[in-house]
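Structural description and commentary
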Amino acid sequence: MFAIELLPARHGDALWIEYGDAEHPHRILIDGGPSSTITRKAIESLIADRIGAESQREHDFELIVVTHIDADHITGLLKLFENRSIVLRPRDVWFNGWDHLPSDLLGAKQGESLSAAIVRNRMPWNADFAGRAVQVEDTGALPSLDLPGGMRITLLSPTRQALAALRPVWKREVEKAGLVPGQAAADERAKQPDVLGEKPLDPKALAAEPFENDPSEANGSSIAFIAEFDGKSLLLTGDARADILSAGLRRHLQERNASRAQLSALKVPHHGSRNNLSLDLLSLLDCERFLFSTNGDIYQHPDRVAVSRVITTHDGAGLEFNYQTQFTQPWESRRVKRKFHYSTRFPADGNQWLRVEL
Ligand SMILES: [Zn+2]
């Protein structure tokens, strides 16, 4: 068994992975969404129902990954780690905190708080990397490891350069005393009238729109990796940059002596932003299922350009969304489906989130 659940994390990510024996699966938790009651309840109910009921195993999670410090990924985990009524026993926590960025300055507010919570809870921290940064070196083999239960992990992002680029940003954020960079512009964008849905979808033209790389240092520092189990393979990306993912994949393909990565599913980077899913990246993979985690708030993800790039390059693609929104609903169009041979999937009626069995 190998399954990923896209929890209701609003515009962010909260991903619950299980693998191994269906009765007593191993688990990986990736990000915890933004500060949101519904996300917190979803995670806490899963912990209570699935882990609470289990006879005491040494570790409840083989891995908890904080891909990067943006609020829509880190805040929910911070709340969880600070909740003293829940005791977690992860085998390791992957999180590139201030100590892992080459500098001696104080760290960003939430990063500092999360770091403190990890230490206070006596959780292992980047132990798989001997306490150092979770990062890909310029040369040598990509970092890979085998988790208990037979899950193989291969790290693709971040690079050392991407982590270094985060440093001044983190510093600035602290100096601004609690303001989130990019929020003002995002709020402005959100105020602008929504023009989606007025024009009929034209995926061919949309896919051909020029690609511009995501300039965010925080996103560029995202931890991204391939998780392989039982012949299935899942690429987890956080909000990673397309060029870093492509470079990591090229190294991976070279190591495996393959031309394209065979993926069972891709957690589409950055909630389906057009700036994180390039045609170059898509050309490096054969993938059946594309998973989108977002409710479209603030940034109006997934972007129709990103979805168009998927369906014009991957015949028979399955688009799987954890929310029905004005940004995902247009892809239900029978006309577009007939023309581009893809399918869509949403949470079943009455379900708050999407479970994907690989
Ligand atoms: Zn995000």
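Look up a bit, the structure's there.
Bear in mind that the values here come from a model prediction, so they are computed numbers and not experimental data.

Procedures and definitions
- Residues take numbers from 1 onward in each chain, read along the sequence in its written order.
- Per-residue local features are limited, in this predicted model, to residues with pLDDT of at least 70; the limit for side-chain atom pairs, both in listing and counting, is 80 or more; totals at the level of whole chains, interfaces and linings are taken over all residues.
- The basis for every side-chain value is the complete set of heavy atoms in the structure, and neither hydrogens nor water enter the calculation.
- Helix numbers and strand numbers start at the N terminus; a helix is a DSSP run of H or I with at least 4 residues, a strand a run of E with at least 2.
- Residue burial is assigned from relative accessible area. The probe radius is 1.4 Å, only protein chains are included, and a residue is buried under 20% of its type maximum, exposed over 50%, and partly exposed in between.
- What makes two residues a contact is simply this: any of their non-hydrogen atoms within 4.5 Å.
- Each accessible area value is a Shrake-Rupley result obtained with a 1.4 Å probe; residue values ignore everything except the protein chains displayed when judging cover.
- In this analysis a donor is any N, O or S atom within 2.8 Å of a metal ion (3.2 Å for sodium, potassium and calcium), and since water is not included, sites may seem incomplete.
- When four donors show all angles between 85 and 135 degrees the site is tetrahedral, when four or six donors have opposite pairs over 155 degrees and all other angles between 65 and 115 it is square planar or octahedral respectively, and in every other case it is irregular.
- Charged residues are defined here as Lys and Arg on the positive side and Asp and Glu on the negative side; His and the ends of the chain fall outside this count.
- Basic side-chain nitrogens of Lys or Arg form a salt bridge, by our definition, when they fall within 4 Å of a carboxyl oxygen of Asp or Glu.
- A helix is expected to span 1.5 Å for every residue after the first.
- By definition, two strands form a pair when at least two bridges between them are found by DSSP.
- Orientation is described by lines fitted to C-alpha atoms, with helices fitted over the stretch in contact, and by angles between N-to-C directions that extend from 0 to 180 degrees.
- Only protein atoms enter the 1 Å grid used here, on which a cavity is any set of points holding a 1.4 Å probe that cannot leave and a pocket is any open set flanked by protein within 12 Å on both sides along at least five of seven lines; residues with an atom within 4 Å of a point are listed as lining.
- Grid points are joined across faces, edges and corners, and a volume is the space filled by probe spheres set on the points.
- Think of it as three bins: nonpolar holds Ala, Val, Leu, Ile, Met, Phe, Trp, Tyr, Cys and Pro, charged holds Asp, Glu, Lys and Arg, and polar takes everything else, Gly as well.

Thoughts on the overall build of the chain
Helices and strands together make up the secondary structure of the chain, namely 11 helices and 14 strands. Within the chain, buried positions represent 54% of all 358 residues. Here the contacts in the chain between residues at least 6 apart in sequence split such that 74% fall between residues at least 24 apart. Total accessible area on the chain is roughly 15500 Å²; 49% of this is exposed by carbon and sulfur atoms.

Some thoughts on the coordination of the zinc ion
Those donors, Asp72 (OD), His73 (NE2), Asp239 (OD) and His271 (NE2), are the protein atoms that reach the zinc ion, and they lie 2.0 to 2.2 Å from it. Relative to the metal, the 4 donor atoms surrounding the zinc ion lie at angles of 85 to 154°, and the coordination shape comes out irregular. Between consecutive donors of the zinc ion, the numbers of intervening residues give the motif D-H-x165-D-x31-H. There is no split in this pair, since Asp72 and His73 are both buried.

Details of the side chain of Asp72
Along the polypeptide, Asp72 turns up in helix H2 (residues 71–82). An unpaired buried charge is present at Asp72: no salt bridge exists, and Lys267, the closest side chain of opposite charge, is 8.2 Å distant. Beyond its immediate sequence surroundings of up to four residues, Asp72 is in contact with His11, Gly12, Asp13, Gly33, Pro34, Asp239 and His271.

Some thoughts on helix H1 (residues 37–51)
Spanning 15 residues, H1 covers 20 Å between terminal C-alpha atoms, matching the ideal 21 Å at 1.5 Å per step. Within H1, burial applies to Thr39, Ala42, Ile43, Glu44, Leu46, Ile47 and Ile51. Buried residues along H1 sit in contact with strand E2 (15–19), strand E3 (26–30) and H2.

Things to note about the sheet that holds strand E6 (residues 144–147)
Reading across from one edge, E6-E7-E8-E9-E10-E11-E12-E13 is the order of the 8 strands in this open sheet, with mixed pairing throughout. Lying at the two open borders of the sheet, with one neighbouring strand each, are E6 and strand E13 (343–345). When the angles between neighbouring strand axes are averaged without regard to direction, this sheet yields 25°. The sheet contacts of helix H8 (residues 242–256) involve strand E7 (151–157), strand E8 (224–229), strand E9 (232–236), strand E10 (261–267) and strand E11 (285–292), and relative to E7 the element is tilted by about 130°.

What about empty space enclosed by the protein?
In this structure the tally under the stated criterion is 3 cavities of 30 Å³ or more. A volume near 40 Å³ is recorded for the second largest cavity. Forming the boundary of the second largest cavity are Arg40, Ile43, Glu44, Gly76, Lys79 and Leu80. A per-class count over the lining of the second largest cavity returns 2 nonpolar, 1 polar and 3 charged.

A look at the environment of Ile4
As for its position among the elements, Ile4 is in strand E1 (residues 2–6). Judged by relative accessible area, which is 0%, Ile4 ranks as buried. Setting aside chain neighbours within four positions, we find Ile4 in contact with Leu15, Trp16, Ile17, Leu234, Leu236, Leu291, Leu354, Arg355 and Val356.

Some points on the pattern of salt bridges
Side chains carrying opposite charge are able to pair once their charged atoms draw close together. Summed over the entire model, instances satisfying the criterion amount to 20 salt bridges. Put simply, Arg10 and Asp297 hold a salt bridge, and the shortest N to O gap is 3.1 Å. One end of the pair, Arg10, is in the loop between E1 and E2; the other, Asp297, is in the loop between E11 and helix H10 (304–313), with 287 residues separating them in the sequence. By relative accessible area, which is 28% here, Arg10 ends up partly exposed. Here Glu18 and Arg50 are joined by a salt bridge, their closest N and O atoms 3.1 Å apart. With a gap of 32 residues between them, Glu18 in strand E2 and Arg50 in helix H1 connect regions that are remote in the sequence. The exposure class of Arg50 is partly exposed, given its relative accessible area of 26%.

Section: unusual backbone geometry
Of the consecutive residues Ser157 and Pro158, the connecting peptide bond is found in the cis state with omega at 5°. Relative to the elements of secondary structure, Pro158 occurs in the loop between E7 and helix H4 (160–175). In this chain, His301 is followed by Pro302 through a cis amide linkage whose omega measures -5°. Tracing the sequence through the fold places Pro302 in the loop between E11 and H10. Although it is not a glycine, His271 adopts a positive phi angle of roughly 55°.

Thoughts on the sheet that holds E1
Spatial strand order, E5-E4-E3-E2-E1-E14: 6 strands in an open sheet with mixed pairing. Strand pairing shows two members of the sheet lacking a second neighbour, strand E5 (93–95) and strand E14 (354–357), which therefore form its edges. For this sheet, the mean angle separating the axes of adjacent strands, direction not counted, is 15°. The pairing of E1 with E2 spans 5 bridges and is antiparallel. Bridge pairing in E2 links Ile4 to Ile17. Along the sheet face, H1 touches E1, E2, E3 and E14 and points at about 20° away from the line of E2.

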